[in-house]
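# Reading the structure
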Amino acid sequence: MRVWSLTVNPITLRTPDLALCCMLLRTFLSFSIALSACLWWPPSVRAADVDVLLGQMTLDEKLALLHGRKDPEPAIGFDSAGYLPGVPRLGIPPLRLTDGPAGIRTTQSATALPAPVALAASFDPAVAKRYGEVLGFEGVARNQQVLLSPMVNLVRVPYAGRNFETFGEDPLLAGAIVAAEIEGIQQNGMMATVKHFAANNQEQDRLTIDAIVDERTLHELYLPAFEAAVKAGVASVMCAYNQINGQFGCENTHLLQDVLRRDWGFEGFVMTDWWARHSLDALANGLNVEMPGYTHPEYPVDVYFDAPLRQAVQQGRIAESAVDATVRPLLVMMDRFNMLDGSVPTP
């Protein structure tokens with residue numbers, strides 16, 4: 001009979017049953033998720049300051065924070081993936097957003113890190129935290145404020161083209177690794193973005209496919225890593241291209257409002273994957289930021305959170321207070337990361 005060995009320094013446990021090893025490992029990972037969430041949590045938000053800012057902003061200034069645009073100074077942002085202009089007169093700086101899961105992706109050189117799935121194979125949250133520290137430090141050094149990572153979609157389709165960006169097929173392992181990585185990223189002053197919310201497990205037909213998933217399966221497989229990210233204080237959640245149970249991810253009321261904000265208490269902002277928007281209903285359904293905020297030959301539809309939203313407010317179809325509620329989480333996170341004095345973090 002083959003004997004499996006699991007070493008937990010300084011004790012070596014021996015068992016003829018691999019199931020016991022797996023049980024011990026899962027217990028360790030569950031503890032790591034909880035510990036990571038306790039070790040780091042951003043400072044309390046000065047809610048009054050955010051409300052004062054909102055009261056001073058014009059409608060156009062609010063809308064400017066709800067959708068991206070092309071960076072007017074690409075040399076400063078090193079051709080970042082996304083850009084939000086900020087409101088200079090009120091000390092709200094611009095935000096530059098960069099990929100990616102395995103290293104900062106700009107025109108400047110950066111460390112090519114191991115694929116995230118290899119990071120997960122370490123089964124070591126401490127390594128994941130160091131991985132995140134490199135991403136956060138190098139991102140801030142390249143004038144980026146938001147990292148479009150980590151990705152926690154499970155490996156469900158073996159030939160999916162982005163499986164290397166994931167943390168594998170185990171939701172518990174993914175939760176332990178993502179919580180530690182987020183801690184490392186954000187302690188360097190860079191906002192992390194957990195993606196793609198949710199059930200975005202294949203590239204083929206990802207823009208239209210409808211993932212039909214019952215509630216128990218969602219909570220046992222597809223959502224635990226996202227919940228771990230929220231408990232670790234992640235600043236942003238990126239919603240997915242696909243539909244989940246008949247409603248697109250970026251306007252899915254159940255996921256964005258019921259699960260993410262009501263059940264998990266998420267205080268950050270939700271942004272679309274690039275061009276993953278479908279209607280103005282997304283505003284009421286829980287979306288905060290539409291990216292990248294400009295049209296593309298393959299995505300010629302209007303930017304909903306620009307002229308269409310302005311017109312809806314001016315015509316009284318949408319209350320400006322709804323716009324305020326949508327802008328507020330972004331300002332809350334900027335305040336939490338000490339950006340509302342007009343400055344941005346430095347490494």
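Each remark here, short or long, concerns the structure printed above.
The sections below set out a description of the structure shown in this document. Within any chain, residue numbers begin from 1 and follow the written order of that chain's sequence. Reporting in this predicted model follows two pLDDT cut-offs: at least 70 for local features of residues, and 80 or more for side-chain atom pairs to be given and counted; totals over whole chains, interfaces and linings ignore these cut-offs and use all residues. Excluded from the side-chain calculation are hydrogens and water; included are all heavy atoms of the structure.

With that settled, consider empty space enclosed by the protein. Each cavity reported here is a set of points on a 1 Å grid over the protein atoms alone in which a 1.4 Å probe fits but cannot get out, each pocket an open set with protein on both sides within 12 Å along at least five of seven lines, and each lining residue one with an atom within 4 Å of a point. Grid points are joined across faces, edges and corners, and a volume is the space filled by probe spheres set on the points. Counted by the stated rule, this structure contains 1 cavity of 30 Å³ or more. Along the walls of the largest cavity sit Met-151, Asn-153, Leu-154, Ala-160, Arg-162, Asn-163, Thr-166, His-196, Asn-200, Asn-201, Gln-202 and Glu-203, which together make up its complete lining. Looking at the lining of the largest cavity, its residues break down into 3 nonpolar, 7 polar and 2 charged. Residues are sorted three ways: Asp, Glu, Lys and Arg are charged, Ala, Val, Leu, Ile, Met, Phe, Trp, Tyr, Cys and Pro are nonpolar, and all the rest, Gly among them, are polar.

Each pair of aromatic rings taken from Phe, Tyr and Trp, with Trp reduced to its six-membered ring, is defined by centres within 6.5 Å and is described as stacked if the planes are under 30 degrees apart, edge-to-face if over 60, and tilted in the remaining cases. Tallied over the full model, the rule gives 3 aromatic pairs. Ring plane angle 65° and centroid distance 5.0 Å describe the contact between Phe-197 and Phe-226, whose orientation is recorded as edge-to-face. With Phe-197 in strand β6 (residues 191-197) and Phe-226 in helix α9 (residues 224-231), this pair connects stretches of sequence that are 29 residues apart. Only protein chains enter the area calculation, which uses a 1.4 Å probe; residues under 20% of their type maximum are buried, those over 50% are exposed, and those in between are partly exposed. In this structure Phe-197 comes out as buried when scored by relative accessible area, which is 0%. Assessed through its relative accessible area of 1%, Phe-226 is described here as buried. Taken together, a centroid distance of 6.1 Å and an interplanar angle of 85° make the contact between Trp-275 and Tyr-294 edge-to-face. Highlighted residues: Trp-275 in the loop between β11 (269-272) and α11 (282-285) and Tyr-294 in the loop between α11 and α12 (307-314), separated in sequence by 19 residues. A residue is classified by how much of its surface remains accessible, and Trp-275, at 13% relative accessible area, is buried. Members of the aromatic cluster, joined through ring pairs, are Phe-197, Phe-226 and Trp-264. Helix and strand definitions here come from DSSP, where helices need a minimum of 4 consecutive H or I residues and strands a minimum of 2 consecutive E residues; each element is numbered from the N-terminal end.

Attention shifts here to the sheet that holds strand β7 (residues 210-211). In this scheme, strands are said to pair when DSSP sees at least two bridges between them. Taken in spatial order, the 3 strands make up an open sheet running β7-β9-β10, and their pairing is mixed. In this open sheet, the two strands that pair with only one neighbour each are β7 and β10 (247-248). Where β7 lies against strand β9 (residues 243-244), 2 bridges are found, and the strand directions are parallel. Counterpart to Ala-211 in the pairing with β9 is Ile-244.

A separate point is the nonpolar core. Each nonpolar core is a collection of buried residues, namely Ala, Val, Leu, Ile, Met, Phe, Trp, Tyr and Cys, held together in the definition by side-chain atoms within 4.5 Å. Formed by 96 residues in total, the largest nonpolar core has its most connected members in Phe-197, Met-271, Leu-309 and Leu-331. By residue number, the principal contributor to this core is helix α7 (residues 171-186), which donates 8 residues. Whether two residues touch is decided by their heavy atoms; if any such pair falls within 4.5 Å, the residues are in contact. Discounting residues that sit within four places of it in the chain, Phe-197 has contacts with Leu-223, Phe-226, Val-237, Met-238, Cys-239, Ala-240, Gly-249, Leu-255, Leu-256, Leu-260 and Trp-264.

With that settled, consider the side chain of Thr-193. Tracing the backbone through its elements, the reader meets Thr-193 in strand β6. Look at Thr-193 and you get buried, because its relative accessible area is 0%. Distance and chemistry together define a polar contact, namely a pair of N or O atoms within 3.5 Å, with one atom able to donate a hydrogen and the other to accept it when in protein, and with adjacent residues in sequence counting only for side-chain atoms on both sides. Within the structure, the side chain of Thr-193 is placed 3.0 Å from the backbone oxygen of Leu-147, a separation counted as a polar contact.

Time to look at the pattern of salt bridges. When a carboxyl oxygen of Asp or Glu lies within 4 Å of a side-chain nitrogen of Lys or Arg, that pair is called a salt bridge. The full count for this structure, using the stated rule, is 18 salt bridges. A salt bridge links Lys-129 to Glu-133; its shortest N-O distance comes to 2.7 Å. Of this pair, Lys-129 and Glu-133 both sit in helix α6 (residues 125-141), 4 residues apart, roughly one helical turn. Classification of Lys-129 as partly exposed rests on a relative accessible area of 22%. The exposure class assigned to Glu-133 is buried, which follows from its relative accessible area of 14%. A salt bridge links Asp-258 to Arg-262, with the nearest nitrogen and oxygen atoms 3.9 Å apart. Of the two residues, Asp-258 and Arg-262 both sit in helix α10 (residues 253-263), 4 residues apart, roughly one turn of that helix.

Take Ala-141: it is sitting in helix α6. With 31 residues separating them along the chain, Ala-141 and Ala-110 place their C-alpha atoms 10.0 Å apart.

The next thing to look at is the layout of surface pockets. The probe, sized like a water molecule, is rolled over the atoms to show the empty space still left. If you add up the space inside the largest pocket, you get close to 450 Å³. Forming the walls of the largest pocket are 22 residues, and the residues nearest its centre are Asp-99, Arg-105, Leu-148, Arg-162 and Lys-195. When grouped by side-chain class, the residues that make up the lining of the largest pocket number 10 nonpolar, 4 polar and 8 charged.

Note on placement: Ala-284 falls in helix α11. Taking the C-alpha atoms as reference points, Ala-284 and Val-323, separated by 39 residues in sequence, lie 9.3 Å from one another.

With that settled, the discussion passes to the sheet that holds β11. Reading across the sheet, the 6 strands line up as β3-β4-β5-β6-β8-β11 and stay open at both edges, with mixed pairing between neighbours. What marks the edges here is a single partner per strand, and that holds for β3 (82-84) and β11. A fitted line through C-alpha atoms serves as each axis, taken over the contacting stretch for helices, and the angle formed by two N-to-C directions is quoted from 0 to 180°. Set on the sheet, α7 makes contact with β5 (146-147) and β6; between it and β6 the angle comes to about 145°. Packing of α10 onto the sheet brings it into contact with β6, β8 (236-239) and β11, and relative to β11 it is tilted by some 150°.

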